[in-house]
Amino acid sequence: MRTNFPHIRLRWHRVGSATAVTAALVLAGFGTAVHADATTSSKVTWAATPCATPKKTGELACNSLRVTGGTTAFQKARGITPKAADAATPSGYGPSDLQSAYGLTAAAAANGSGETIAIVDAYNDPNAEADLAKYRSYYGLPACTSASGCFKKVGQTGSTTSLPTSDAGWSEEISLDLDMVSAIAPKAKILLVEAKSATMANLGKSVNEAVTLGAKFVSNSYGGSESSSDTSYDSSYFNHPGVAITVSAGDEGYGAEYPAASKYVTSVGGTALSTSSNSRGWTESVWKTSSTEGTGSGCSSYDAKPSWQTDTGCTKRMISDVSAVADPATGVSVYDSYGVTAGWYTFGGTSASSPIIAAVYALAGTPGSSDYPAQYPYAHTSSLNDVTSGNNGSCSTSYFCTATSGYDGPTGWGTPKGVSAFTG
């Protein structure tokens, strides 16, 4: 296993000025990021959730950020005045917004029954089911409870009673993940698998357990630095034909991280999502706040290139494949209560985009038993919204970090336009 703090090492490695030091402190949870979003004309502030800073050596970090103030894109579009930090009212996009943006309204109403979407996170959220109920009730989604068999929470061994230590930071991440799956695929069942710690070994075992328990869709909203061990992790934890495994691309701007670099997963980048007067009604660009914050992307140093990936600038695995909303200023609504004031929060980060894409796969139907569903979008590129503006940093090969027509690193082939790109 790795013996470093993956994200902390990356953050401080990239520091080169006083401004960058401030950014690094923000990402570690000691400060507040400020983003002047063009769609809101006001500053939105946020900070990384506590799980974005690994607790122990060898642990990975979650990829989520929580809005702390300002007026979000959701509020601006609706003329809502309460500050985003007011937990009494939602200040981020809800299910109808996300379904509209990604052409999923009809599919969300009709599809997903009988499918199980797994969320893999670390540590325990004791309020997971209760908070999920609050979210689903508020937005008029069907109830999803353990009593009905719709919701199930287990530890990494599959036990419903032997659960990890509770953790407030990872509980925020869990609430975000559960709510995004609910927003996109409200008829699907949800399996929450809680690893006993955030090491790759324990998270990986949790992925295996999710598959053992029948999930055909598994979302992972965590990551860290690449290492020479990654190819062995691939075979141990992520090589599951017939299962759509999604992984967040990262929140530190340009640069590859693992397990998003696994050749067996769908790596999911992040966008800024805003309403528009165009025919779609929405517009997207690459999420970037600064040189140290934004969606991840890049060319893997270790993982081999999958056969369906045909870009020519990277001889190994390229991140990302597809993307969805991740900018906190255009963030999503989440209900959370453990370790914070119980109420509504707005979250961003590629921790939002990964469960969204996992749920889109679920709406599209069970993957073929021998398929690697990461290849599906590559065969249906016209069924995605091509994101052509923005970048997530500087790079020597332009499309590694800059949006362009067709494939690019930060957004892959684009964002969902219905479910057609997510089926064989």
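Residues numbered from 1 in each chain as written. Predicted model: local features only at pLDDT ≥ 70, side-chain atom pairs only at ≥ 80, totals over all residues. Heavy atoms only, no water.

Enquirer: Teacher, can you tell me more about the overall build of the chain here?
Expert: Secondary structure assignment for the chain yields eleven helices and 21 strands. In the chain, which comprises 424 residues, the share counted as buried stands at 61%. The contacts of the chain with a sequence gap of at least 6 include a subset with a gap of at least 24, amounting to 74%. With the model as given, the accessible surface of the chain reaches about 13800 Å², and the carbon-plus-sulfur share is 51%. (Helix = DSSP H or I, 4+ residues; strand = E, 2+ residues; numbered from the N terminus. Buried < 20%, exposed > 50% of the residue type's maximum accessible area, 1.4 Å probe, protein only. Contact = heavy atoms within 4.5 Å. Areas by Shrake-Rupley, 256 points an atom, 1.4 Å probe, with all protein chains shown as cover.)

Enquirer: What's the story with helix α9 (residues 230-238) in this structure? I'm lost.
Expert: The α-helix winds at 3.6 residues per turn, so residues separated by three or four positions along the chain end up facing the same way. Those residues of α9 not exposed but buried are Asp230, Tyr233, Asp234, Tyr237 and Phe238. On an axial view of α9, the arc spanned by its buried residues comes to 110°, and they lie on one face. Buried residues belonging to α9 abut α8 (200-212), β9 (222-223), β10 (244-248) and β15 (298-304). (Arc of directions from axis to C-beta.)

Enquirer: So what exactly am I meant to see when it comes to α8 here?
Expert: Taking 1.5 Å per residue as the helical rise, α8 with its 13 residues ought to reach 18 Å, and the 18 Å between its terminal C-alpha atoms agrees with that figure. Of all the residues in α8, the buried ones are Met200, Ala201, Asn202, Leu203, Gly204, Ser206, Val207, Glu209 and Ala210. In the segment just after α8, Gly214 is the residue with positive phi, at about 105°. (Expected span 1.5 Å × (residues − 1).)

Enquirer: Would you mind going over the state of the cysteines with me for this structure?
Expert: Covalently bonding the sulfur atom of one cysteine to the sulfur atom of another cysteine gives a disulfide. In total, this model carries four disulfides according to the counting rule given. For Cys51, the disulfide goes to Cys62, at an S-S distance of 2.0 Å. Disulfide Cys51-Cys62: torsion about the S-S bond near 90°, hence right-handed. Placement of the pair is Cys51 in the loop between β2 (43-48) and β3 (61-62) and Cys62 in strand β3, with a sequence separation of eleven residues. (Disulfide = S-S within 2.5 Å.)

Enquirer: Where do I start with the pairing of strand β5 (residues 116-122) in this structure?
Expert: For a regular strand, side-chain orientation follows a simple rule: the groups alternate between the two sheet faces. Within β5, seven of the seven residues are buried, which leaves it mostly tucked inside the rest of the structure. Here β5 shows no split at all, with Thr116, Ala118, Val120 and Ala122 on one side and Ile117, Ile119 and Asp121 on the other all buried. Summarising the sheet, β5 and strand β7 (residues 189-195) pair through seven bridges and their orientation is parallel. Bridged to Ala122 within β7 is Ala195. Bridge analysis of β5 against strand β8 (residues 217-220) gives four bridges, and the strand direction is parallel. Its bridge partner being in β8, Val120 is matched across the sheet by Asn220. (Pairing = 2+ DSSP bridges.)

Enquirer: Whenever I open this one, the packing of helix α7 (residues 168-184) against helix α10 (residues 350-364) confuses me. Can you help?
Expert: Packed helix pairs are characterised by how far apart their axes lie and by the angle those axes make with each other. Remark: α7 packs on α10, axes separated minimally by 8 Å, with the N-to-C direction vectors making an angle of 35°. Classified by chirality, the crossing of α10 by α7 is right-handed. Where α7 abuts α10, its residues Glu173, Leu176, Asp177, Met180, Val181 and Ile184 lie against Ser351, Ala352, Pro355, Ile356, Ala359, Val360 and Leu363. (Axes fitted to C-alpha atoms, helices over the stretch in contact; angles between N-to-C directions. Left-handed = near helix turned anticlockwise from the far one by under 90°.)

Enquirer: How should I be thinking about the packing of helix α6 (residues 128-138) against α7 in this particular structure?
Expert: One way to put it is that α6 packs onto α7 with a least axis distance of 10 Å and a crossing angle of 40°. Regarding the angle of α6 to α7, the classification is oblique. α7 is crossed by α6, and the crossing has right-handed handedness. Together, Ala128, Asp131, Leu132, Tyr135 and Arg136 of α6 and Ile174, Ser175, Leu178, Asp179, Met180, Ser182 and Ala183 of α7 make up the contact between the two elements. A class-by-class count of the residues in the contact of α6 with α7 yields seven nonpolar, two polar and three charged. (Parallel < 35°, antiparallel > 145°, perpendicular 65-115°, else oblique. Nonpolar A, V, L, I, M, F, W, Y, C, P; charged D, E, K, R; others polar.)

Enquirer: What is the right way to look at the nonpolar core in this model?
Expert: Nonpolar side chains in soluble globular proteins generally cluster together in the buried interior. Core analysis: the largest hydrophobic core is formed by 59 residues, its most contacted members being Leu98, Ile117 and Leu178. Contact partners of Leu98, with chain neighbours within four places excluded, come to Tyr93, Met180, Ala183, Ile184, Leu273, Val325, Val332 and Ile356. If you look at the next biggest cluster of nonpolar residues, it comprises 45 residues, including Ala48, Leu60, Trp170 and Ala249. (Core = buried A, V, L, I, M, F, W, Y, C linked by side-chain atoms within 4.5 Å.)

Enquirer: Could you clarify how one ought to interpret the confidence of the model for the chain in this entry?
Expert: Low-pLDDT portions of the prediction should not be read for the details of their coordinates. Confidence in the prediction for the chain averages 91 pLDDT; 89% of positions are at 70 or higher. The low-confidence segment residues 1-31, where pLDDT is below 50, has 77 contacts with residues more than four positions distant or belonging to other chains. When the criterion is pLDDT under 50, residues 36-41 qualifies, and its contacts beyond four places in sequence or with other chains add up to 14 contacts. (pLDDT = per-residue confidence, 0-100.)

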